[in-house]
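# Summary of structural features
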Amino acid sequence: MDVDAFLRFHHSSRQALIEAILEQVHRGPDDVLVLAGSLCEELGNHRSDVDIYRISADRFALQGGDPVEILDLGSFAADVETICGADLDELLARLGAVDSDGERDPRQAVADFSDAEVKLLHQLRIAQPITGTGAWQRLVGAIDRRKLGRVLLDRAVAWMGALHIDILGFIESGDDDSARPLLRAFRWRLAAALLAGLGETNPAEKWQTRQLAALRTVRAGTCLPGGLDLDRIYDAWLALDRRIGDSAAETAFRALLGLRFSIVPWAQHRFLAGYPLDSENNIFPEVRRDGAGGGSVLPALRLDSQIQRDARGIWLSRVASPEVIYINPLAHEVLLHFDGTATAGEAAQRLAQISPATSAEIATAIDDVHAMLGDRAFI
């Protein structure tokens, strides 16, 4: 539901809303008022609030007061949040300093930007001006979508790294009940990484399902490592919510890691390679479903394994270990089959789809990866 449909449902109009806001909100002559929130993205519904931001030129506008005011507009309410223009300029300068396509420690994004700040940046990026259009255009022009997307990706990766350690601790001590809330938080951060790689900048957990459901249609041609298209990833991500509640924590975490090993290196590569976020830029095609291959079941990677990407390429490591092993994209495809359920035949079948190598060469490559994982204690 968009803004106008929402207002029609409540027997109002955009002009009536603007008049009510201008009448009730105390503002200075240079203040900027904008309409934001889920309705501006057509994500909201008839029970949504109307979100208004007041950007004040008065440095002391918030001194001693509540930055949020609730307006009663009859059958719905409007939240009006006041922001100091000087503080916003400082936040925009920090965003402007982000190198969206460079190598960065993901943890830096957590240190540099708070949850409230990334929410504000997104809200202002998609907002619609009510007053101060000229000043607003200058502000919104400083909110670079790619830079904000990189911040959101890095924050998601950093938080997954921290959650990974805590989840391992609970699983290893047999405390599944304590692990489950963290598994759900990990699932949220995983979706945030996927959305950031697709150019979405809304950080709100509550809209992830709707965003992913829409994108699997709009971006149907997008394919991730392992040959997963967005439709299959969406189904797997939905199923994980139930699996976290019904399965052993170790089983659920292994499934989460399987998606993470595909999503995170893919999303990181899109920024590091400078790919336009609206493009597909598929490295490998979708898996052709022509039957399962035979052979022995490949063992699962250890739960403390992690696969990510930096400027040098894709790397494999273990949590809290200094050892890093760089691998090529084909080896990455093989690693994605080491999940305890896929067979060597399935891995060979996948490589045959994306590589000109002979069947003998493929079999040798899989054996080499298997031996390396065993020698380095990754399985």
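Residues numbered from 1 in each chain as written. Predicted model: local features only at pLDDT ≥ 70, side-chain atom pairs only at ≥ 80, totals over all residues. Heavy atoms only, no water.

## Thoughts on the packing of aromatic side chains
Spelled out, the test is: Side-chain rings of Phe, Tyr and Trp (the six-membered ring for Trp) are treated as a pair once their centres are within 6.5 Å; stacked means planes under 30 degrees apart, edge-to-face means over 60, and tilted covers the remaining angles. In this description a helix means any DSSP run of H or I spanning at least four residues, a strand means any run of E spanning at least two, and both kinds are numbered starting from the N terminus. Each residue is assigned to one of three classes by its accessible area relative to the maximum for its type, calculated with a 1.4 Å probe on protein chains only: buried under 20%, partly exposed between the two thresholds, exposed over 50%. A positively charged side chain is recorded as over a ring if its NZ (Lys) or CZ (Arg) lies within 6 Å of the ring centre. The angle to the ring normal must also be within 35 degrees.
Evaluation of the coordinates by the stated rule reveals two aromatic pairs. Consider the rings of Phe6 and Phe76, whose centres lie 5.2 Å apart with planes at 75°: the pair is edge-to-face. One end of the pair, Phe6, is in helix H1 (residues 3-9); the other, Phe76, is in the loop between strand S3 (68-72) and strand S4 (77-84), and 70 residues separate them in sequence. Per residue, the accessibility class of Phe6 equals that of Phe76, and both read buried. Above the plane of the ring of Trp237 lies Arg187, whose end atom (NZ or CZ) is 3.7 Å from the centre. Taking the ring centre of Trp188 as reference, the NZ or CZ of Arg189 above it sits at 4.4 Å.

## A look at the nonpolar core
Test applied: Buried Ala, Val, Leu, Ile, Met, Phe, Trp, Tyr and Cys residues that are joined via side-chain atoms within 4.5 Å together make up what is termed a nonpolar core. Any pair of residues with heavy atoms lying within 4.5 Å of one another is described as a contacting pair.
If you look at the biggest cluster of nonpolar residues, it comprises 89 residues, and the most contacted ones within it are Leu88, Leu124, Leu194 and Phe253. Considering each element in turn, this core owes the most residues, 12 residues, to helix H11 (residues 249-272). In contact with Leu88, not counting residues within four places along its chain, are Ile55, Ile83, Leu120, Leu124 and Leu139. Counting residues in each nonpolar core, the second largest holds 20 residues, with Val3, Phe6, Ile52 and Phe76 among its members.

## Some thoughts on the side chain of Arg146
Its location among the elements puts Arg146 in helix H7 (residues 145-172). With residues up to four places along the chain from it excluded, the contact list for Arg146 reads Ser100, Asp101, Arg270, Phe271, Gly274, Tyr275, Pro276 and Leu277.

## Some details on the sheet that holds strand S1 (residues 32-36)
Short version of the rule: Two strands are counted as paired when DSSP detects at least two bridges linking them. Axes here refer to lines fitted to C-alpha atoms; in helices the fit is confined to the stretch in contact. Angles between the N-to-C directions go from 0 to 180 degrees.
With mixed pairing, five strands are arranged side by side in an open sheet as S3-S4-S2-S1-S5. Two strands in the sheet have a free side with no partner beyond their single neighbour: S3 and strand S5 (128-131). Averaged over all pairs of adjacent strands, the angle between strand axes in this sheet comes to 25°, irrespective of strand direction. Where S1 and S5 come together, three bridges link them in antiparallel fashion.

## Focus on the sheet that holds strand S8 (residues 305-310)
The strands making up a sheet associate through backbone hydrogen bonding, with each pair oriented either parallel or antiparallel. An order of S8-S9-S10 is seen for the three strands of this open sheet, with the pairing classed as antiparallel. Both edges of this open sheet fall to S8 and strand S10 (324-327), since each of them pairs with a single strand only. Along the sheet, successive strands turn relative to each other by an average axial angle of 30°, direction set aside. Note: S8 against strand S9 (residues 313-318), six bridges, orientation antiparallel. Bridged to Gln306 within S9 is Ser317.

Coordinates in, geometry out; function isn't part of it.
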